[in-house]
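Examination of the molecular architecture
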Amino acid sequence: MMDFALYQIIIMAFGGILILRVIIRFLLKKKTLRELIVATIIWGSMIFLGYLPTPLNLNDKFSEEYLSVITISLIILFYSTFSNMIKTERLENSVTRVIRRKAIEDALETYDTNNKNL
Amino acid sequence: MKKSDYKKIFIVIPAYNEAKVIASLINFIRKEGFENIIVVDDGSTDNTFSIAKNSGCITLKHLINRGKGAATQTGMDMAKILNAQAVVTLDADGQHFADDIFKVVKPIIEDESDIVIGSRLKSNKGDPMPKFRKFLNILANIMTFIFYGIYVSDSQSGFRGYSRHALQTINTSQDKYEFESEVLHQAENYNLKISEVPIKVAYTDYSRNKYNEIKDFAPQNIFNGFSMFIKMVIRSIMT
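About the criteria used
Residues numbered from 1 in each chain as written. Chains lettered and ligands numbered in written order. Predicted model: local features only at pLDDT ≥ 70, side-chain atom pairs only at ≥ 80, totals over all residues. Heavy atoms only, no water. 1 Å grid on protein atoms, 1.4 Å probe; cavity = no way out; pocket = protein on both sides within 12 Å on 5 of 7 lines; lining within 4 Å. Points joined across faces, edges and corners; volume = space filled by probe spheres on them. Helix = DSSP H or I, 4+ residues; strand = E, 2+ residues; numbered from the N terminus. Nonpolar A, V, L, I, M, F, W, Y, C, P; charged D, E, K, R; others polar. Phe/Tyr/Trp six-rings, centres within 6.5 Å; stacked < 30°, edge-to-face > 60°. Buried < 20%, exposed > 50% of the residue type's maximum accessible area, 1.4 Å probe, protein only. Lys NZ or Arg CZ within 6 Å of the ring centre and 35° of its normal. Pairing = 2+ DSSP bridges. Axes fitted to C-alpha atoms, helices over the stretch in contact; angles between N-to-C directions. Contact = heavy atoms within 4.5 Å. Right-handed = clockwise from strand over helix to strand, strands pointing away. Buried area = accessible area lost by both parts, 1.4 Å probe. Salt bridge = Lys/Arg side-chain N within 4 Å of Asp/Glu carboxyl O. Polar contact = N/O pair within 3.5 Å; in protein donor to acceptor, adjacent residues only side chain to side chain.

We now examine the layout of surface pockets. Picture a little ball the size of a water molecule; that probe, rolled over the atoms, points out where space is still empty. The volume enclosed by the largest pocket comes to roughly 600 Å³. Taken together, 22 residues form the lining of the largest pocket, with A:Glu35, B:Gln174, B:His185, B:Arg235 and B:Thr239 sitting closest to its centre. Every element with two or more residues in the lining of the largest pocket is listed here: helix H3 (61-114) of chain A together with helix H6 (131-148), helix H8 (178-189) and helix H10 (222-238) of chain B. For the lining of the largest pocket, the per-class residue count stands at 4 nonpolar, 9 polar and 9 charged.

Listed below in structure tokens is the structure:
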């Protein structure tokens, strides 16, 4: 059996959880088959990278733990950055909806009072 | 197509700081016989809005700049309210030719299509697309296929026709240039009929400079193309 460093296990477990999440969303019909395939390829690549032997020489326990901490930090950092991006985008969309509604209301008001022929 | 059909067709022009060219574009469209022109000023800092208004168009103004996608959707919503039977969207920078409107709207009036894309890559007329821009467009087509499941020859073309049915069905949330791809995604999901027709394009000095100056209106700009790609990936895996 292959021995994995802790950081490799973390990467593979994280990738596995995300693939599982997409599969559940696919079964709930919130994702299409194509979206499932795209997400599986992306997260599957991450699992594959985690599976590859480490290029670093981890010959002591300390450096392995050090690398695990860095891995966990990077995963948290990227995941929270991406989540924030999605949240920001939703917020931007809300602002846009308000701006668009206001533009239409203003235009309709103008045409109701000034331009009856429309 | 009969002249009476023209009254049911609305032309939507999203515009951002286009004061120099908007009046001539409106005149060209009128010369082709289309009177229902909606100009959506997307928070311009010049007098695009007043020029469009004085030209007698239906004018709407976004208080702040929200991007081409948002402006186009506003125009389409307005057209829907005004009972448009078909809508044609085109860019305000003068790269599109008004005499192609008829070509774009014809399959809709004849009930052959719900969405017609004016493809810049299918035409031999007009200015040839610069090689780098062509490369980015093909890349965008591939991305649109991977993430939205539909392949067309010009996924980023702003010259499009929409049927009444498409207007009632499509409701996008992407404010910027991803709008064009999102429309295709929704068309695929709702089984709308899509077709493409070749259109001519003029790459004037004005339109070239415009793309370099304003990043939100420049899908051809490599940074925007990259940012669009990253957003598509993140959206695809995080939502």
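Right, let's talk about the packing of aromatic side chains for a bit. Counting across every chain of the model gives 4 aromatic pairs over all chains. Judged by centre distance (6.4 Å) and plane angle (75 degrees), the ring pair of B:Phe145 and B:Tyr151 falls under edge-to-face. Under the relative-accessibility criterion, B:Tyr151 is labelled partly exposed at 47%. Taken together through their ring pairs, the aromatic side chains of A:Phe14, A:Trp43 and A:Tyr79 make up a single cluster. Sitting above the plane of the B:Phe97 ring, B:Lys200 keeps its charged end 5.3 Å from the centroid.

What follows is about the sheet that holds strand S3 (residues 58-62) of chain B. Residue and element names in this part refer to chain B. Strand order across the open sheet formed by 7 strands is S3-S2-S1-S4-S6-S5-S7, with mixed pairing between neighbours. Both outer strands of the open sheet, S3 and strand S7 (194-198), are each paired with one neighbouring strand and no more. Adjacent strand axes in the sheet meet at a mean angle of 20 degrees, parallel and antiparallel pairs treated alike. Relative to strand S4 (residues 86-89), strand S1 (residues 9-15) runs parallel, the two being bridged by 4 bridges. Bridge pairing links phenylalanine 10 to valine 87 in S4. Across the sheet, helix H5 (residues 101-109) lies against S1, S4, strand S5 (115-119), strand S6 (160-163) and S7, angled at about 150 degrees from S4, the strand it touches most. The strands touched by H8 within the sheet are S5, S6 and S7, with S6 carrying the most contacts at an inclination of about 35 degrees.

This next bit is on the pairing of strand S2 (residues 37-42) of chain B. All names here are of chain B. Where burial is concerned, most of S2 is hidden: 6 out of the 6 residues are buried. Across the two faces of S2 the burial is the same, with Ile37, Val39 and Asp41 and Ile38, Val40 and Asp42 all buried. The sheet contact formed by S1 and S2 spans 5 bridges and is parallel. Note that in S2 the partner of proline 14 across the bridge is valine 40. Tracing the backbone out of S1, into helix H2 (residues 22-31) and back to the parallel element S2 gives a crossover that is right-handed. Across 5 bridges, S2 lies against S3 in parallel orientation. Bridging from a neighbouring strand, aspartate 41 pairs with lysine 61 of S3. Each parallel crossover has a hand, and the one from S2 via helix H3 (residues 48-54) to S3 is right-handed.

Listed by partner, the interface residues are 30 residues for chain A and 34 residues for chain B. Here chain A meets chain B over a buried area of about 2900 Å², counting both sides, of which 63% is carbon and sulfur. Ranking the residues of chain A by area buried against chain B places A:Arg34, A:Ile99 and A:Arg100 at the top, with a combined share of 20%. Linking chain A to chain B there are 2 salt bridges. Notably, a salt bridge pairs A:Glu92 with B:Arg66, separated by 3.0 Å at the nearest N-O pair. Scanning the region where chain A abuts chain B turns up 6 residue pairs in polar contact (both at pLDDT 80 or more). Elements that contribute at least two residues to the side of chain A that touches chain B include exactly helix H1 (6-27), helix H2 (33-51) and H3 of chain A. Sort the elements by how many residues they give to the side of chain A that touches chain B and H3(A) lands first, with 20 residues. Taken together, the residues of the side of chain A that touches chain B break down into 16 nonpolar, 4 polar and 10 charged.

Another aspect to go through is the pattern of salt bridges. Per the stated rule, a full pass over the model turns up 16 salt bridges over all chains. As a salt-bridge pair, A:Asp106 and A:Lys102 come within 3.1 Å of each other at their nearest N and O atoms. Remark: A:Lys102 and A:Asp106 occur in helix H3; sequence separation between them is 4 residues, near one turn of the helix. By relative accessible area, which is 30% here, A:Asp106 ends up partly exposed. Look at the salt bridges and you will find they share partners, linking B:Lys68, B:Asp91, B:Arg160 and B:Glu180 into a network.

Just distances and angles here, no functional claims.
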